[in-house]
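Now for the letters of each chain:
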Amino acid sequence: LLRRADIALYRAKAEGKNGYQLFTPDMDEVVQSRRLLEVDLAQALAKGDQLHLAYQPLYSGINGEITGVEALARWEHPTKRNLPPSLFIPVAEASGLIVPMGEWILRTACRQAVEWNIGYVAVNVSPIQFRQPGFATSVKRILSDTGLHPSRLELEITEGVLVDKEKSGAVLASLRDAGIKIAIDDFGTGYSSLSYLRQLDVDKIKIDQSFIRQADNDEGGRSIVLAMVQLAGALRMQVTAEGVETHDQRAYLSSIGCDQLQGYLLSRPLTPNAMEEKLNGTMGVLAA
Ligand code: C2E
Ligand code: CA
Ligand code: CA
């Protein structure tokens, strides 16, 4: 029975918020399949041929050029096809595998950025990875090993990580002192209060896709996005719009001075080969 209570608790935590969960039999299955996935993931990490990175370009809102790329983890599971990161990253986090996996991701992305000579590479960092003792040191070691200049690495972190300044402050300062850039991912979905954002020492906010989706032709939706862009400007932070899917959204975002645009309209995440072709071709510049 205790185990069942644990499972329900685990589930309630995973669902976030302040919810509660009653145990249901199907949860047992969920936990079991997670365990199996955990074993597979450990193997994938050890073997090293199943994990890959996809790269999605970020475009300047002003001239349409590629300013950088975001690295996104992909797992080619031997039998399960198309396991999305939204499924395997939580498994990696719960098992602690996110730490070695995160290091591999960082190293691979940095090496790629050196090879491509692009403006910057953005890498997602899990809260668990960020809170790991020695995180800043390990990032700096990877930079010196790969030869990537610190200013060309951007770490994407969610608001929740930064909200506890006592815990995250020293790590954040150490990274920024080294010249590494910090972006708040999924901005607007977490704890953000305006006064709190002011206290944060970050270089960029990435407006969450849910807000961009409402910026099509909707006055109210647009005014929220406009407020975020203006706020970032006032705080001297860069601002990126995530999940740009329509011409309407893109036109509006450019018109209000959004610094960077990212989304399926401009480019889906690409394999390294496809990304390289895009960088080599004239496709870096958006067609008008
Ligand atoms: P994220 O960091 O917010 O990444 C953006 C996600 O939105 C990516 O999904 C990307 O493929 C997708 N996306 C990009 N443009 C559009 C668009 O126009 N429309 C829509 N609907 N989606 C778009 P993906 O690759 O499935 O990753 C999902 C999440 O998994 C990421 O969200 C991130 O939180 C996590 N993740 C992915 N790779 C890593 C990683 O290397 N490390 C860590 N810690 N987390 C990762
Ligand atoms: Ca991200
Ligand atoms: Ca995001």
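Remember, it's a predicted structure, so these values are computed and weren't measured experimentally.

How should the coordination of the calcium ion (ligand 2) be read in this particular structure?
Under perfect tetrahedral coordination by four donors, a metal shows angles of 109.5 degrees; under perfect octahedral coordination by six donors, it shows angles of 90 or 180 degrees. Those protein atoms acting as donors to the calcium ion (ligand 2) are Glu 70 (OE), Asn 124 (OD1), Glu 156 (OE) and Asp 185 (OD), and they sit at 2.1 to 2.4 Å. Between the calcium ion (ligand 2) and the calcium ion (ligand 3), a spacing of 4.0 Å is present, and a bridge between the two is formed by Asp 185. Linking Glu 70 in strand S2 (residues 66-75) with Asp 185 in strand S5 (residues 181-187), this pair joins segments that are 115 residues apart in sequence. Like Asp 185, Glu 70 is buried.

How do you make sense of the pattern of salt bridges when you look at a structure like this?
It is possible for side chains bearing opposite charge to pair when their charged atoms get close. By the definition in use, this model includes six salt bridges. The residue Arg 107 makes a salt bridge to Asp 145 at a minimum N-O spacing of 3.1 Å. Of the two residues, Arg 107 sits in helix H4 (residues 98-116) while Asp 145 sits in helix H6 (residues 135-146), which places them 38 residues apart along the sequence. Among the residues examined, Arg 107 registers a relative accessible area of 26% and is labelled partly exposed. For Asp 145, a relative accessible area of 47% puts it in the partly exposed group. Between Lys 206 and Glu 242 there is a salt bridge, with the nearest N and O atoms lying 3.8 Å from each other. Of the two residues, Lys 206 sits in strand S6 (residues 204-207) while Glu 242 sits in the loop between strand S7 (238-241) and helix H12 (247-255), which places them 36 residues apart along the sequence.

Would you take a moment to explain the coordination of the calcium ion (ligand 3) for this structure?
Protein-derived coordination of the calcium ion (ligand 3) comes from Asp 185 (OD), Asp 186 (OD), Glu 242 (OE) and Glu 242 (OE), at a distance range of 2.2 to 2.6 Å. Sequence spacing of the donor residues for the calcium ion (ligand 3), all on one chain, is D-D-x55-E. Judged by relative accessible area, which is 26%, Asp 186 ranks as partly exposed.

I keep staring at the pairing of S5 and nothing clicks. Help me out?
Regular strands place their side chains on alternate faces of the sheet. Here S5 lies mainly inside the structure; five of its seven residues are buried. In the sheet, strand S4 (residues 153-158) pairs with S5 via five bridges, with the strands oriented parallel. Note on S5: the bridge partner recorded for Glu 154 is Lys 181. Of the strand pairs in this sheet, S5 and S6 are connected by three bridges, and their pairing is parallel. Bridging across to S6, Ala 183 finds its partner in Lys 204.

Please explain the pairing of S2 as it appears in this structure.
For S2, a buried count of eight out of ten residues is recorded, marking the element as mostly surrounded by other parts of the structure. Pairing between strand S1 (residues 51-60) and S2: nine bridges, direction antiparallel. Bridging across to S2, Ala 54 finds its partner in Leu 72. Counted between consecutive antiparallel strands, the loop separating S1 from S2 contains five residues, among which Gly 64 sits at a positive phi close to 75°. Pairing of S2 with strand S3 (residues 121-124) involves three bridges; the strand directions are parallel. Opposite Ala 71, over in S3, you have Val 123 as the bridge partner.

What counts, and at which threshold
Residues numbered from 1 in each chain as written. Chains lettered and ligands numbered in written order. Predicted model: local features only at pLDDT ≥ 70, side-chain atom pairs only at ≥ 80, totals over all residues. Heavy atoms only, no water. Donors = N, O, S within 2.8 Å, 3.2 Å for Na, K, Ca; no water. Helix = DSSP H or I, 4+ residues; strand = E, 2+ residues; numbered from the N terminus. Buried < 20%, exposed > 50% of the residue type's maximum accessible area, 1.4 Å probe, protein only. Salt bridge = Lys/Arg side-chain N within 4 Å of Asp/Glu carboxyl O. Pairing = 2+ DSSP bridges.

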